[in-house]
Amino acid sequence: WKSHPELFDEKPLTVAMLGDLRYGRTVHSLLNALSHFNVHFKFISPPSLKMPVQYLDFLKEQNLSFEEHEQIEGCLSDVDVLYATRIQEERFPDPVEYLRMKGAYILKAENLQDVKEGFKVLHPLPRVDEIDVSVDALESAAYFQQAANGIPVRKALLALLLGQI
């Protein structure tokens, strides 16, 4: 978008990332991939699991905007895509700290009543308790389709890299 801004809407896509932003490799990869597009980021996490400063600095270098929040409430009305992640037990040296954080962010259908038309929820799966099953039936729940697309997309990329297509 930076070299051809005329190809994109003036208003950026708003992508929220929720959960373990400190250790989550999927959010770091997604942030890097989305940095090539006109995206505004919202990071929602507990203070101890915030997006690492090197990624925030990277976004600043790319002239991409972001906000940081500690609560889901009030953050989703202007979001196009919510990428939720689990709080990763294996990342905590102190089991008590994990137990304190474990249920900090549980996305429920009631949290999604005021979202934009076309809003989507993504997740790398498997989930623990960060997305309540009440979300599964919503039109915005795209994580099962996301997972189903993973294998064919990987196959296509490998075939492309190997010169098979």
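These remarks concern the structure in this document.

Cut-off values and rules
Residues numbered from 1 in each chain as written. Predicted model: local features only at pLDDT ≥ 70, side-chain atom pairs only at ≥ 80, totals over all residues. Heavy atoms only, no water. Helix = DSSP H or I, 4+ residues; strand = E, 2+ residues; numbered from the N terminus. Buried < 20%, exposed > 50% of the residue type's maximum accessible area, 1.4 Å probe, protein only. Lys, Arg positive; Asp, Glu negative; His and termini not counted. Salt bridge = Lys/Arg side-chain N within 4 Å of Asp/Glu carboxyl O. Polar contact = N/O pair within 3.5 Å; in protein donor to acceptor, adjacent residues only side chain to side chain. Contact = heavy atoms within 4.5 Å.

Brief notes about unusual backbone geometry
Phase 1: A cis amide bond, omega 0°, links L125 with the succeeding residue P126.
Phase 2: Structurally, P126 is set in the loop between strand 5 (120–122) and helix 4 (143–161).
Phase 3: In this structure, N63 takes a positive phi of about 60° despite not being glycine.
Phase 4: With respect to the helices and strands, the residue N63 is situated in the loop between helix 2 (53–61) and strand 3 (66–69).
Phase 5: Look at L125: it is not a glycine, yet its phi comes out positive at around 55°.
Phase 6: Note on placement: L125 falls in the loop between strand 5 and helix 4.
Phase 7: On the accessibility criterion, L125 (24% relative accessible area) is partly exposed.

Observations concerning the side chain of E130
Phase 1: With respect to the helices and strands, E130 occurs in the loop between strand 5 and helix 4.
Phase 2: Here E130 occupies a buried position and makes no salt bridge, while the nearest side chain of opposite charge, R86, is found at 5.9 Å.
Phase 3: Here the side chain of E130 touches H123 through a polar contact of 2.6 Å, side chain to side chain.
Phase 4: With near-sequence residues (within four places) excluded, E130 lies in contact with T85, R86, Y105, I106, L107 and H123.

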